[in-house]
Structure formats: structure tokens, C-alpha cells
Amino acid sequence: MKLYEQVAQNLRERIELGYYHTGDKLPSVRALSQEHGVSISTAQEAFGLLIDDGIIEARPKSGYYVLQQQTPPTLPETSRPMQQPLAVSQGHNLLHLINEYGAEEMTQLSLALPDLSTPTLNPLIRITAEISRTMTARILSYDYIRGTDELRRQIARLTIDSGCRIHPDEIIVTTGCQEALSSSLRAVTQPGDIVVVDSPSFFGSLQAIEMNGVKALEIPTHPETGISLEALQLALDQWPVKACLLTPTNNNPLGYTMPDEHKPKLLELLAKYDLPLIEDDIYGDLSYTLPRPRTIKSFDTDGRVILCSSFSKTLAAGLRVGWVAPGRYTDKVMMMKYVSSMSTATLNQLAIAEFIAQGYYEKHLRKMRKNYRRDRDAVIGWLKRHMPEGTRMSYPQGGYLIWVELPCNLSATELDKRAHEHKIRIAPGTLFSASGKYKNFMRINSSNSQEPEVETAIATLGRLCHEMIEETLLPISEVLNHKS
């Protein structure tokens, strides 16, 4: 942790412990520098970091003040999935979401798409245009199967922030994170094998499991800390598991981030059974506070962790550029990549590499972390206001996805059907389980809270839920007749 991050963390802890309340004025830059024995510029950087995190604000000619924070909601309970391997058969349920992506006048809360309206993406557009004009021959040809040297070098630099030391030659560029996950699964499993997943689990991971003909074994998962290591131990004792696939940082859809103290314990458990871990870190760079959480890969000493990620969630899904660091499984993953897509389009690789090299990526992340935290708080506030009493929801510390538990066992599939009539789409919870669990859950995207139709859509969802609850209540006359 850098010096200014240490100062910022100290001040953040004081705010969280209640030493400073909403609206309170904080010490001046000079006072903070004297207290911590740091330079004025270091104190200014610490304040800037807390501003980016949405914790404080700077008032001209006045100083720094504590901002109001969203009160954490009531979280869902720890999941209780079926304790047996299951074949996945949810692919057909995704078609209505995929087919309507981009439909006009549809408020799309269902898909995990980043905000594309931010001006911090403008340099990427300019760089892409410049490369397309000046490097025509190269971008029209196949590049290395591993990916361009330029991008792999930049990815290796980025992984340092997650605690890793990965050489560029250990990285394979893929066509999105989905190819990284699918290639990794094919590299370490055979049809009929069993793969451990968290529950609920990203439906893209479940589709990769389905397409590769393996079975999913869902593990009870806490909405703040992730999978139960005790339950995982019992599952590994009972079943011939071949691999583990998790999204441990800013999880999709549950929002949890696994504590650092759990990560070495998880690796010890996997080493005991000699199992690989496929780590999906696609939302890791979108953590609201710095330093960003360490990957499990950063604790790995024997190459059993296959680290997967992408620029689809941090920049734009349409770029279709992801990557994988397969560790001891590099040759197998490389072969799976070869038979899957040969190589990833060169233009977007070069554009992203230059975007990172010129410092635009970090500026973009600083902006989006602040925006997505603001969006989370806004959407949670609207959910509290409009949804029925008893609604629970996640409180993610990064990204832009919220997992919502509906009260009274309301069907999210039915809610999605009714919402569709109002040009609104949600992702029903059954998509996130091999067994079709989570019927009264939904996942919504909070990344565009500044668009007025988002609050309107959530208010509509709340009204539809209240109507569904009223429909389940019998009139008092029918209740009395039934008793008699």
C-alpha cells in the first residue's frame, strides 16, 4: 500500500468508526500532513482518493467534508443449494434476454453492461481510429495466438495491483472472458466431471459448464464473504470434484468479496485434493476502494489457479477482449484457445494496450469506481423506497450489479413477464442456479442510475410486486367461508 493510500485508509476508518459524521469538516491538508508526518502533496493525494471513493467532498475555499453514505440494506441469507452435482440446462432461458439486447425503448436492467456514456472512453475511440488508419496491414492479419505483445505487457503491469507477478508470456489474450472461462474448463475437465461453483453463480459460467458437458456442484455462499469453506470441505470429501470455478471479487450476482484471510485456506484445501481453481476476476478492477482486493492467484505458489478477466466490464463489452493466465495449464488452455477462435482481433488489442500505456485506463477506472458507487447507492435507495417490505438485497463493494430477494416468495420470472409489458427487463434468479433455485430473486444492473427511466423502471417493478402480493391475498369473506 502506498503512503497516500495508508493515510486515506486511516481517515476512512475514522469516518466508518464515527469519529467524523456526515457533514463534518475534516482536518486541513496541512494538519493531516503534520499528523501523519507526510508531505503536503501526499495529504492532498489521500484526500483525492477519498473523493474518488465518494466518501468526502471538497468545497471551494472551505475544506473537505464527509458525504452522506447509503445505509447498508438487509442482506439475503446464506444460500442453501442442493448438495449434489447437477447437469445444467438453463441455456434456453437466456434466449429472451439475449435476443432483446439493444431493443429500442427497452429499459435493460438485466444484462451486466458498463456505462458507455462516460467521456473517459473518448481517448479509446480516438486511439482506435488512429491505429486503423496507420496499421492497416497488421490489423487485417492474424496476430499471435497468445495475443499481441503490446497488450500482454500492459496486462502484466495491471495484475501487479491485484498482488500478482505475472510475466507477459504467461498471459493468453482471448475473445472476451467467456472464451477464457470456457477454454479453461475444457483444459481441466472431461464430459461428466464435477465442477464446484458458488451459489448463486454467473449464468455465463453455468453455460460454459453446460456446453462442456460437466456437472455443477453448488456450494452455500454468504453475501459478504463468499463460499463456505466448511461446506466445500464436506463436498470434496463426498464427491470426485475435478475443478473449482469462482468469482471471488465483486461477485456476479451476489456481490461478495472473499476476505483475504480465506484465500490461502481455500488454496490449502484445493492443494489437498490437487484441484485447479478457475478464478473469474472480471470485476476486480471496479472495486470502490483502494487498494483493490488481491486475487486468489496472488497467493498461488504452485500454478494451480487459472486467472481469467476481460475489458468487457471495465471498458466496453463490444471490444470482446479478455485474457487468461493459466499457470501450470498454459499448454492445454492454449490448445483450447486455438481450436476455439485461433486468435483475437488485433485492432482492439492494440487500441486497449495504447489506452492503458498512455494512462487513460487508470483515469477511466477512477471515474467509474466513483460513478458506480454513486449508482449503487441511488438504486438501493430506490429499491428501499419502492419495493415491498421484506425485500432484501446485496451491498456490493464494487461493480454495478445488485442481487435482490423478493418477499412473500414472489416469482421473479412472473415479475419479468409483467415488466416486459412495460418495456423493462430484469434477470430472474433461476438463471443463476443449475437447479433452478432463487425463484424469488432477481439481478439488476445499476450502472446507468443517472438516466431518469431507471428510477421509473424500479418504481414500476415495485408497483408490480405490490400488485402480485395483493393477488395472493384472499378477500376476508372467502377466508371466513373457508374456515366455516
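Keep in mind that this is a model prediction, so the values were computed, not measured.

(A) The arrangement of the side chain of Ser 446 in detail. In this fold, Ser 446 is placed in the loop between strand E18 (441–445) and helix H16 (452–471). By relative accessible area, which is 2% here, Ser 446 ends up buried. Setting aside residues no more than four positions away along its own chain, Ser 446 makes contact with Asp 375, Arg 376, Val 379, Tyr 400, Leu 401 and Ile 402.

(B) View of the sheet that holds strand E12 (residues 305–310). Within the open sheet, the eight strands sit side by side as E3-E7-E6-E10-E11-E12-E13-E5. Their pairing is mixed. Because the sheet does not close on itself, it has two edges, and the strands there are strand E3 (86–87) and strand E5 (172–174). When E12 meets strand E13 (residues 322–325), the two strands line up antiparallel, connected through four bridges. Looking at the pairing, Ser 310 lines up with Gly 322 of E13. Contacting E5 and E13, helix H12 (residues 330–341) crosses the sheet at an angle of about 30° to E5.

(C) Spatial organisation of the pattern of salt bridges. Counting across every chain of the model gives 24 salt bridges. Salt-bridge contacts for Arg 328 lead to Asp 274; the nearest nitrogen and oxygen are separated by 3.5 Å. Here Arg 328 is found in the loop between E13 and H12, whereas its partner Asp 274 is found in the loop between helix H11 (262–272) and strand E11 (277–280), with 54 residues between them in sequence. A salt bridge links Arg 304 to Asp 302, with the shortest nitrogen-to-oxygen separation between them at 3.0 Å. Judged by relative accessible area, which is 4%, Arg 304 ranks as buried.

(D) Examining the environment of Pro 293 more closely. Here Pro 293 shows up in the loop between E11 and E12. Residue Pro 293 is classed as buried on the basis of its relative accessible area, which comes to 18%. Excluding anything up to four places from it in sequence, Pro 293 contacts Ser 162, Thr 249, Thr 257, Lys 263 and Ser 287.

(E) Examining the nonpolar core more closely. Judged by nonpolar contacts, the single largest core of 64 residues is most densely connected at Ile 209, Phe 311 and Leu 315. Residues within four places of Leu 315 in sequence aside, it is in contact with Pro 114, Leu 116, Leu 121, Leu 124, Ile 352, Phe 355, Tyr 361 and His 364. Counting 32 residues, the second largest nonpolar core, distinct from the first, contains Ile 219, Met 258, Leu 267 and Phe 432.

(F) Quick look at the packing of aromatic side chains. The full count for this structure, using the stated rule, is 11 aromatic pairs. Measuring from ring centre to ring centre gives 5.8 Å for Phe 311 and Tyr 361, while their planes differ by 75°; the resulting arrangement is edge-to-face. With Phe 311 in the loop between E12 and E13 and Tyr 361 in helix H14 (residues 360–386), this residue pair connects regions lying 50 residues apart in the sequence. Here Phe 311 falls in the buried class, since its relative accessible area comes to 2%. Here Tyr 361 falls in the buried class, since its relative accessible area comes to 2%. A cation over a ring is seen here: Arg 294 above Phe 299, with NZ or CZ 3.8 Å from the ring centre. Note that Lys 437 overlies the ring of Tyr 438, its terminal NZ or CZ placed 5.5 Å from the centroid.

(G) Representation of the environment of Ile 227 within the structure. Here Ile 227 lies in strand E9 (residues 226–227). What makes Ile 227 buried here is its relative accessible area of 3%. As for Ile 227 and Thr 247, which are separated by 20 residues in sequence, their C-alpha atoms are 10 Å apart. Leave out the neighbours within four places in its chain, and Ile 227 touches Asp 198, Ile 219, Pro 220, Thr 221, Leu 232, Leu 246, Tyr 256, Met 258 and Leu 266.

(H) Structural context of the packing of helix H8 (residues 176–188) against H12. Their axes nearest at 8 Å, the elements H8 and H12 cross at an angle of 125°. When the axes of H8 and H12 are compared, the pair comes out oblique. Between H8 and H12 the crossing geometry is right-handed. Contacts between H8 and H12 involve Glu 179, Ser 183, Ser 184, Arg 186 and Ala 187 on the former and, on the latter, Lys 332, Val 333, Met 336, Lys 337, Val 339, Ser 340 and Ser 341. Here the contact of H8 with H12 is built from residues that sort into four nonpolar, four polar and four charged.

(I) Here's a closer look at the side chain of Gln 349. Structurally, Gln 349 is set in helix H13 (residues 346–357). Judged by relative accessible area, Gln 349 falls into the buried class, the value being 0%. Excluding its chain neighbours within four sequence positions, the residues that come into contact with Gln 349 are Gly 147, Thr 148, Leu 151, Val 173, Val 321 and Thr 344.

(J) Representation of the environment of Thr 174 within the structure. Topologically, Thr 174 is positioned in strand E5. By relative accessible area, which is 1% here, Thr 174 ends up buried. The spatial distance from the C-alpha of Thr 174 to the C-alpha of Thr 344 is 5.9 Å, given a sequence separation of 170 residues. When neighbours within four sequence positions are excluded, Thr 174 is seen to be in contact with Glu 179, Ala 180, Arg 320, Val 321, Gly 322, Trp 323, Val 324, Lys 337 and Thr 344.

Rules and cut-offs
- Residues numbered from 1 in each chain as written.
- Predicted model: local features only at pLDDT ≥ 70, side-chain atom pairs only at ≥ 80, totals over all residues.
- Heavy atoms only, no water.
- Helix = DSSP H or I, 4+ residues; strand = E, 2+ residues; numbered from the N terminus.
- Buried < 20%, exposed > 50% of the residue type's maximum accessible area, 1.4 Å probe, protein only.
- Contact = heavy atoms within 4.5 Å.
- Pairing = 2+ DSSP bridges.
- Axes fitted to C-alpha atoms, helices over the stretch in contact; angles between N-to-C directions.
- Salt bridge = Lys/Arg side-chain N within 4 Å of Asp/Glu carboxyl O.
- Core = buried A, V, L, I, M, F, W, Y, C linked by side-chain atoms within 4.5 Å.
- Phe/Tyr/Trp six-rings, centres within 6.5 Å; stacked < 30°, edge-to-face > 60°.
- Lys NZ or Arg CZ within 6 Å of the ring centre and 35° of its normal.
- Parallel < 35°, antiparallel > 145°, perpendicular 65-115°, else oblique.
- Left-handed = near helix turned anticlockwise from the far one by under 90°.
- Nonpolar A, V, L, I, M, F, W, Y, C, P; charged D, E, K, R; others polar.

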